[in-house]
Each structure stands twice: as C-alpha cells, then as structure tokens.
Amino acid sequence: MKALYSFGALLLVAVPAWAAGADRDEDGRVTRAELIELHSGLFAQLDTNGDGVIDMNDGDAHFLDIADFDRDGRVTPEENNTYAAEAAAGDLANCDANGDEVLSGDEVTCITSSDSSE
Ligand SMILES: [Ca+2]
Ligand SMILES: [Ca+2]
Ligand SMILES: [Ca+2]
C-alpha cells in the first residue's frame, strides 16, 4: 500500500523552503519566469516513480486534482506547463501588491503552495 497520508505531509513541510527557492538568481525579485520555473519544478519531485507523468502510482491525488486538465488520470509535462503558467499568474494576482509583475521584498513571502490556494 502506498502511504498517501505521509506523502501529503511531506509536501506541506516542504513548502516554505520551496517558496524561498523561487528567487533563482537571488536578486530579491521573483519574476513570472521564475514563478513558472518554481511551479513546474514540482513535477519532477512529485513523479516519484520517474516515468514522466504524474498519476495515482506517484501517490499524490491532489496534484491530479489541480493539474490533470483533461481528467484522464495523469498529468503530462504539457499539462504541467499549463498548470505552472496558471499558478505563476495566480501568484502574481495574489501577491504582486504594487502591480509591477515582479514579486519583491514582502511580496515574495506571500507565495504559497497552490495546495493552499482557494
Ligand atoms: Ca509517475
Ligand atoms: Ca491529463
Ligand atoms: Ca511587485
């Protein structure tokens, strides 16, 4: 049996470091491109069996909920790209207080995992 519960807990614990890592070039500004990179990077972590798609065999039903757009039970890299673009847009909509399309300073700390949005 897969331990679905413990996998979910692991994801939650990993979120703060994940958000802090968004600023890839460490210039204190997180651009849309960096946000997309951040969100798309989850795919590799969630693909626990390394077969290039996320499905129930990888043990994270929640990611399927949010990124399996055609509802065929698997998230492909293409669907992940769509998800990442939407998640990045969502971060900017939620967190870009001054509307300059870049998250800086306190705006960065506003980024949360898509697991906790809506
Ligand atoms: Ca997989
Ligand atoms: Ca799919
Ligand atoms: Ca900003």
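Fair warning: this is a prediction, and the values are worked out from it, not measured in the lab.

Student: Any chance you could break down helix 5 (residues 77–95) for me, citing the residues and the numbers?
Tutor: The terminal C-alpha atoms of helix 5, which comprises 19 residues, lie 26 Å apart, in line with the 27 Å expected from a rise of 1.5 Å per residue. Inspection of helix 5 places Asn80, Tyr83, Ala84, Ala87, Ala88, Asp91 and Leu92 among the buried residues, and these make up the whole buried set. Where the residues of helix 5 are buried, they touch helix 2 (32–40), helix 3 (42–46), helix 4 (61–67), strand 3 (74–75) and strand 4 (102–104).

Student: Before we move on, could you go through the confidence of the model for the protein chain and cite the residues and values that matter?
Tutor: Atomic detail in the predicted coordinates should be set aside for any region of low pLDDT. Per-residue confidence for the protein chain gives a mean pLDDT of 82, with 77% of residues at or over 70. Every residue in residues 114–118 is under pLDDT 50, and counting partners more than four places away or in other chains gives 6 contacts.

Student: Could you give me a rundown of the environment of Val75, with the residues and numbers involved?
Tutor: Here Val75 shows up in strand 3. Distance in space between the C-alpha atoms of Val75 and Leu64 is 6.4 Å, their sequence separation being 11 residues. Setting aside its immediate chain neighbours within four residues, Val75 contacts Val53, Ile54, Phe63, Leu64, Ala67, Asp68 and Asn80.

Student: Quick one: what's the story with the environment of Asp23, residue by residue and with numbers?
Tutor: Note that Asp23 resides in the loop between helix 1 (4–20) and strand 1 (29–31). Its 19 C-beta neighbours within 10 Å are what place Asp23 among the partly exposed residues. Residues Asp23 and Leu103, 80 residues apart in the sequence, show an inter-C-alpha distance of 9.2 Å. Here Asp23 is in contact with Gly28, Arg29, Val30, Glu34 and Val108, once residues within four sequence places are set aside.

Student: Any details on helix 2? Residues and values, ideally.
Tutor: When we look at burial in helix 2, the residues that qualify are Leu35, Leu38 and His39. Along the axis of helix 2, the buried residues cluster in a sector spanning 90°; they form a single face. In this fold, the buried residues of helix 2 make contact with strand 1, helix 3 and helix 5.

Student: Provide a residue-level description of the packing of helix 2 against helix 5, including the pertinent values.
Tutor: Remark: helix 2 packs on helix 5, axes separated minimally by 8 Å, with the N-to-C direction vectors making an angle of 130°. The orientation of helix 2 relative to helix 5 falls into the category oblique. Both helix 2 and helix 5 take part in a crossing whose hand is right-handed. Contact residues: Arg32, Leu35, Ile36, His39 and Ser40 in helix 2; Asn80, Asn81, Tyr83, Ala84, Ala85, Ala87, Ala88, Asp91 and Leu92 in helix 5. Here the contact of helix 2 with helix 5 is composed, by residue class, of 8 nonpolar, 4 polar and 2 charged.

Student: Any details on the environment of Phe43? Residues and values, ideally.
Tutor: In this structure, Phe43 sits in helix 3. Expressed as a C-alpha distance, the spacing of Phe43 and Asn80, which sit 37 residues apart in the sequence, is 6.9 Å. Leave out the neighbours within four places in its chain, and Phe43 touches Ile54, Pro77 and Asn80.

Student: Explain unusual backbone geometry to me, and be specific about the residues and the numbers.
Tutor: A positive phi angle is found at Arg71, which is not glycine, with a value near 55°. With respect to the helices and strands, Arg71 occurs in the loop between helix 4 and strand 3. One non-glycine residue, Glu101, lies in positive phi territory at about 70°. On the basis of neighbour count, Glu101 is assigned to the exposed category, with 9 C-beta atoms found within 10 Å.

Cut-off values and rules
- Residues numbered from 1 in each chain as written.
- Chains lettered and ligands numbered in written order.
- Predicted model: local features only at pLDDT ≥ 70, side-chain atom pairs only at ≥ 80, totals over all residues.
- Helix = DSSP H or I, 4+ residues; strand = E, 2+ residues; numbered from the N terminus.
- Expected span 1.5 Å × (residues − 1).
- Buried ≥ 20, exposed ≤ 12 C-beta atoms within 10 Å, placed from the backbone.
- Contact = placed C-beta atoms within 7 Å.
- pLDDT = per-residue confidence, 0-100.
- Arc of directions from axis to C-beta.
- Axes fitted to C-alpha atoms, helices over the stretch in contact; angles between N-to-C directions.
- Parallel < 35°, antiparallel > 145°, perpendicular 65-115°, else oblique.
- Left-handed = near helix turned anticlockwise from the far one by under 90°.
- Nonpolar A, V, L, I, M, F, W, Y, C, P; charged D, E, K, R; others polar.

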